[in-house]
Amino acid sequence: MQFSERRNTTRWIIIFASFFIISLILWNTYTFFQIFKNEERLKMNLWAQAQKTLINAGENTEVELPLQIFSNNTSIPIILTENDSIINTVNIDESVVENKQKAIAFLQDLKNENEPIVIEYVPGKFQNLYYGNSALLNKLKYYPVALVLIIVLFGSLVYNFYRSTKMATQNKLWAGMAKETAHQIGTPLSSLIGWVELLKSENVDESTTFEIEKDIERLQTITDRFSKIGSEPKLENKDIVEESFQSFDYLQSRFSKQIEFSFKAPKAPILVSLNPTLHSWTIENLVKNAIDAMKGKGKLALEIEQEGDYVKINVSDTGGGIQKNQFKSIFEPGFTTKKRGWGLGLSLTKRIVEEYHKGSIKVLHSEMGKGTTMQVTLKKLI
């Protein structure tokens, strides 16, 4: 639990740091944008002064500088109006200028981009200078978007690499632990089989040896489960109703009578491609988690239902419930709310359902103090 919490804390620190860096980049870009915009405003003020000078120029007026100011503007689009009529255009495509509707629409765009500059060339007479952003400024507007996309792409690549490496390491660790566990169980299991045969030869009550044999078979099943981790299991076409009931019935006979078990499923067989041993493990993990959540007392229901091409297995309990922000965390390796536990049960269940049986598992719904329903979805064979 602590490991999972530390990992989540580190993850949030990285996320907040990334947002901070992106915000800093966007803020700097916005600052540069405003600086360039102010510079273009100053250029347009000079252009307006040059226009006023040329309008009022006499024979002895120096017009070289105003003309140079006009010629230096090669990128900022300008529309000059007087009495709501367009009297001059600069850096605007001829097809727009010659089409009155396009010209009016373009003028409206310029009005939306920048405040006009009013030129009072003689007392009481005015011209309005409308101008737009230069091509460079327009490109700068999209620079943050491109930068964020690059950062997101790079972050996704790093995350996928980290995730795949981590999963590969976890898979090797789980496979090694599982095979070693199967090996360790195998030796005393062989001895137990021998002792059962000895008890039979001593004419011990058959009901006693029968129950012991059932538990030995269960241990053999568990050993078989662990030996399959890390290798590709063999899938068979099985009736999921029968397979689920066998596991459920065995567990029902082994737990407290204070738990009210119920099993509901269609009477007709439902064929699904699965590994019986691993599917039994899935049912066992879900049932045991439900019993732990109820602390050994309550109602536990397993319901199988069909929906289109899929079959859904719902395991419901009347336990303490799961907080909504933990709906996904409970499937992470190492996550547990128990004082004693490794937090591997549901993560292994998720791996069996999704990787081996090509299905899905989720918390269907949960309410604190009232209980939880877990749902496994598998595709039917047609």
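Residues numbered from 1 in each chain as written. Predicted model: local features only at pLDDT ≥ 70, side-chain atom pairs only at ≥ 80, totals over all residues. Heavy atoms only, no water.

Peer 1: What am I meant to see in the packing of helix H7 (residues 240–254) against helix H8 (residues 276–293) here?
Peer 2: Working note: a packed helix pair is described by the angle between its axes plus the distance between those axes. Two numbers describe how H7 lies on H8: the axes approach to 9 Å, and their chain directions differ by 50°. Put simply, H7 runs oblique to H8. Crossing handedness for the pair H7 and H8: right-handed. For the pair H7 and H8, the contacting residues are Ile 240, Glu 243, Ser 244, Ser 247, Phe 248 and Leu 251 in the first and Pro 276, His 279, Ser 280, Ile 283, Glu 284, Val 287 and Lys 288 in the second. Here the residues of the contact of H7 with H8 sort into six nonpolar, four polar and three charged. (Axes fitted to C-alpha atoms, helices over the stretch in contact; angles between N-to-C directions. Helix = DSSP H or I, 4+ residues; strand = E, 2+ residues; numbered from the N terminus. Parallel < 35°, antiparallel > 145°, perpendicular 65-115°, else oblique. Left-handed = near helix turned anticlockwise from the far one by under 90°. Contact = heavy atoms within 4.5 Å. Nonpolar A, V, L, I, M, F, W, Y, C, P; charged D, E, K, R; others polar.)

Peer 1: Even after reading the chapter, I still don't get the UniProt feature "transmembrane region" (unreviewed entry) in the protein, so can you show me in this structure?
Peer 2: UniProt feature "transmembrane region" (unreviewed entry): in the numbering of this structure it lies at residues 12–36 and 142–162. For the annotated span residues 12–36, helix accounts for 100% and strand for 0% of the residues, and the straight-line distance between the end C-alpha atoms is 36 Å. Between the end C-alpha atoms of residues 142–162 the distance is 30 Å, and the span holds 100% helix and 0% strand. (UniProt positions renumbered as here; feature names shortened; annotations may be inferred.)

Peer 1: Explain the environment of Lys 125 here, please?
Peer 2: Mapped onto the fold, Lys 125 is located in strand E4 (residues 125–131). In this structure Lys 125 comes out as partly exposed when scored by relative accessible area, which is 47%. Placed 56 residues apart in sequence, Lys 125 and Thr 181 show a C-alpha to C-alpha distance of 96 Å. Setting aside its immediate chain neighbours within four residues, Lys 125 contacts Ile 119 and Glu 120. (Buried < 20%, exposed > 50% of the residue type's maximum accessible area, 1.4 Å probe, protein only.)

Peer 1: What should I look at first to understand the sheet that holds strand E11 (residues 371–379) in this one?
Peer 2: Remark on secondary structure: sheet strands pair via backbone hydrogen bonds, oriented parallel or antiparallel. Read across the sheet, five strands follow the order E6-E8-E9-E11-E10 without closing on themselves; strand pairing throughout is mixed. Only two strands of the sheet have a single partner each, and these edge strands are strand E6 (259–264) and strand E10 (360–367). Ignoring which end each strand starts from, the neighbouring axes of this sheet average 15° apart. The sheet contact formed by E10 and E11 spans seven bridges and is antiparallel. (Pairing = 2+ DSSP bridges.)

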